[in-house]
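Analysis of the macromolecular model
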Amino acid sequence: MSHIIEFRDVTKVFSGRAGTVTAVDHVDLSVEEGEIFAVIGYSGAGKSTLVRLINGLERVTSGALIVDGEDVVRMSESQLERKRRDIGMIFQQFNLFRSRTVAGNVAFPLKVAGWPRDKRDARVAELLDFVGLLDRAHSYPEQLSGGQKQRVGIARALAAGPKILLADESTSALDPETTQDVLRLLKKVNRELGVTVVVITHELEIVRALADRVAILESGRVVESGTVFETFSKPASEVGRRFVSTVLHDQPRGDDLARIRQAHPGRIVTATIHDGSRLGAVLAGAGAHGVTFEIVYGGIGTLQARSFGSLTLELTGPAPAVDRVVADLRGVTEIEEVA
Ligand code: ADP
């Protein structure tokens, strides 16, 4: 695989009257050609800035940023303008021309790029068909729903056949269901057209379902990055753990935890489950040590085509025997003590 986007020690500082803000802080990160790369993090973490550096909407303060073989840091504004034809971007507020029809909006970048009329019309029809809006070609933006407007935005961003599509859905004006539709369309763009997609989103369910890899940002730094499976199954950072626990709902917290504690006086541990963790075999042998177990909480689902989840168990028996079973469990998977 080759890197289509590579951040090398990239920093972006905004200076204003109120002082300076380091929005992106010494970031090293690469996006592979043909993947869907998700950027997540709390508000103000630097996600939008990071993505806007890629197409030069914000200029890098220091470091190198290689996009499809060229360092955008060294480019002049006119070179960047040319470069942006290879990088589509969709905006949260859609930025459509109200006075132009759907077809007119999609045709606009082609007109600017000097495409002849007949080629342009054919391309617009192809794009509208792709995003499922062929029957709305002659409508005006105000006649469309938010989701449809975003589809027009996607068709327009794809018009000139970019290699990269940047999508900032983080403060999306769309309801969650429509956002999911839009993100599903991004998957189609990626799989059918081979376009590399970089998406900022708050919909972690979508990251889990659609993205190949993910980076988690905090205060301008990448606190972790990796495949969605790695990150969701074993988050390395505190922020990562907080994000993941909101999606998986497979570990008892808060009231659930209090209820479990009250109802189950034995030792309580949570075991991570994944393909090949031989938890059943260990539990089947627990009785021989005089230990009984109860499953008190948990959930197992699919993550990137593999089983993944966790089970919370209450183990009851003489303390040394329970220790022994917990040690055996640790031998096959990750075990977390539940306080
Ligand atoms: P996110 O997308 O994760 O919410 P942003 O990239 O929008 O984060 O912002 C990161 C930080 O940079 C914030 O502290 C924000 O206030 C600051 N910032 C973003 N854009 C500008 C700007 N044009 N001028 C000054 N500060 C900015």
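For the structure itself, consult the block above.
Structural notes, computed from the coordinates. (Residues numbered from 1 in each chain as written. Predicted model: local features only at pLDDT ≥ 70, side-chain atom pairs only at ≥ 80, totals over all residues. Heavy atoms only, no water.)

1. Topic: the overall build of the protein chain
Formally: Put simply, DSSP marks the helices as runs of H or I at least four residues long and the strands as runs of E at least two long, and each gets a number from the N terminus on. Only protein chains enter the accessibility calculation, which uses a 1.4 Å probe; a residue whose area is less than 20% of its type maximum is buried, one above 50% is exposed, and one in between is partly exposed. By the convention used here, residues are in contact when the closest approach between their heavy atoms is within 4.5 Å. Computed with the Shrake-Rupley method and a 1.4 Å probe, the accessible areas treat only the protein chains shown as cover for residues. Counted as positive: Lys and Arg. Counted as negative: Asp and Glu, with His and the chain ends omitted from the count. Each charge is placed at NZ for Lys, CZ for Arg, CG for Asp and CD for Glu.
Of the regular secondary structure elements, the protein chain holds twelve helices and 14 strands. Within the protein chain, buried positions represent 48% of all 339 residues. Here the analysis covers contacts within the protein chain between residues at least 6 apart in sequence; of these, 67% occur between residues at least 24 apart. Here the protein chain has roughly 16,200 Å² of accessible surface; of this, 49% comes from carbon and sulfur atoms. Taken together, the 41 basic and 44 acidic charged side chains of the protein chain have centroids lying 5 Å from each other.

2. As for helix 11 (residues 279-286)
The line we're drawing: Note: the arc covers the axis-to-C-beta directions of the helix.
Every buried residue belonging to helix 11 is among Leu279, Val282, Leu283 and Ala286, and all of these are buried. Mapping the buried residues of helix 11 onto a view down its axis gives an arc of 95°, with all of them on the same face. In this structure, the buried side of helix 11 is in contact with strand 11 (267-274), strand 12 (292-303), strand 13 (306-316) and helix 12 (319-332).

3. A short note on the pairing of strand 9 (residues 213-218)
Worth spelling out the cut-off: Paired strands, in this sense, are two strands between which DSSP finds at least two bridges.
Burial of strand 9 is extensive: five of the six residues sit out of reach of the surface. In the sheet, strand 3 (residues 36-41) pairs with strand 9 via five bridges, with the strands oriented parallel. Residue Ala38 lies in a different strand from strand 9, and its bridge partner there is Val214. With six bridges connecting them, strand 9 and strand 10 (residues 221-227) associate as antiparallel partners. If you follow Leu217 over to strand 10, its bridge partner there is Val222. Linking strand 9 back to strand 10 in an antiparallel pair, the connection comprises two residues, with Ser219 at a positive phi of about 50°.

4. A look at the site of the ligand
Keep this limit in mind: When we say a residue is near a molecule or strand, we mean one of its heavy atoms is within 4 Å of it. Two N or O atoms count as a polar contact when they lie within 3.5 Å, although within protein this holds only if one can serve as hydrogen donor and the other as acceptor, and sequence-adjacent residues are included solely when both atoms are side-chain atoms. Residues were grouped as follows: Ala, Val, Leu, Ile, Met, Phe, Trp, Tyr, Cys and Pro as nonpolar; Asp, Glu, Lys and Arg as charged; and all remaining residues, including Gly, as polar.
The ligand sits among Phe14, Val21, Ala23, Tyr42, Ser43, Gly44, Ala45, Gly46, Lys47, Ser48 and Thr49. With respect to the ligand, the backbone of Gly44 contributes an N or O atom lying 2.7 Å from an oxygen atom. A distance of 3.1 Å is found between an oxygen atom of the ligand and a backbone nitrogen or oxygen belonging to Ala45. Sorting the residues of the shell around the ligand by element identifies strand 2 (19-32) and helix 1 (47-54) as the ones contributing at least two each. Counting residues per element, the shell around the ligand draws most heavily on helix 1, which supplies three residues. Here the residues of the shell around the ligand sort into five nonpolar, five polar and one charged.

5. Focus on the pairing of strand 7 (residues 164-168)
Within a regular strand, the side chains alternate between the two sheet faces. Most of strand 7 is tucked away, with five of its five residues classed as buried. With burial as the criterion, each face of strand 7 is covered, one bearing Ile164, Leu166 and Asp168 and the other bearing Leu165 and Ala167.

6. Comments concerning the sheet that holds strand 4 (residues 62-67)
Stated formally: Lines fitted to the C-alpha atoms define the axes, with helices restricted to the stretch that makes contact. Angles between their N-to-C directions range from 0 to 180 degrees.
As summarised here, the arrangement of the four strands in space is 2-1-4-5, forming an open sheet in which the pairing is antiparallel. Edge positions in the sheet fall to strand 2 and strand 5 (70-71), since each of these pairs with one other strand and no more. Pairing geometry for strand 1 (residues 3-16) and strand 4, over five bridges, is antiparallel. Paired with Glu6 across the two strands is Ile66, which belongs to strand 4. Relative to the sheet, helix 1 contacts strand 1, strand 2 and strand 4, its axis offset from that of strand 1 by approximately 120°.

7. A few points about unusual backbone geometry
Most peptide bonds take the trans configuration, and most residues that are not glycine carry a negative phi. With a phi close to 50°, Asp9 is a non-glycine residue in the positive phi region. Residue placement: Asp9 occurs in strand 1. The backbone of Ser219 shows a phi angle near 50°, a positive value even though the residue is not glycine. Tracing the sequence through the fold places Ser219 in the loop between strand 9 and strand 10.

8. With respect to the pattern of salt bridges
We apply this condition: One side-chain nitrogen of Lys or Arg within 4 Å of one carboxyl oxygen of Asp or Glu is enough to make a salt bridge.
In this structure the tally under the stated criterion is 22 salt bridges. For the salt bridge of Arg213 with Glu35, the shortest nitrogen-to-oxygen distance reads 2.9 Å. Taken together, the residues span a long stretch of sequence, with Arg213 in strand 9 and Glu35 in the loop between strand 2 and strand 3 at a distance of 178 residues. Because the salt bridges share partners, they merge into one network encompassing Arg267, Asp323, Arg330 and Glu337.

9. What about the nonpolar core?
Formally: Each nonpolar core is a collection of buried residues, namely Ala, Val, Leu, Ile, Met, Phe, Trp, Tyr and Cys, held together in the definition by side-chain atoms within 4.5 Å.
Within the largest apolar cluster, 53 residues are counted, with the highest numbers of intra-cluster contacts made by Leu128, Ile154, Leu165, Leu186 and Val207. With near-sequence residues (within four places) excluded, Leu186 lies in contact with Ile36, Ile90, Ile154, Leu165, Ala167, Val197 and Val199. Of all hydrophobic cores here, the second largest spans 29 residues; its members include Ile5, Leu53, Ile164 and Leu217.

None of this, on its own, says anything about what the molecule does.
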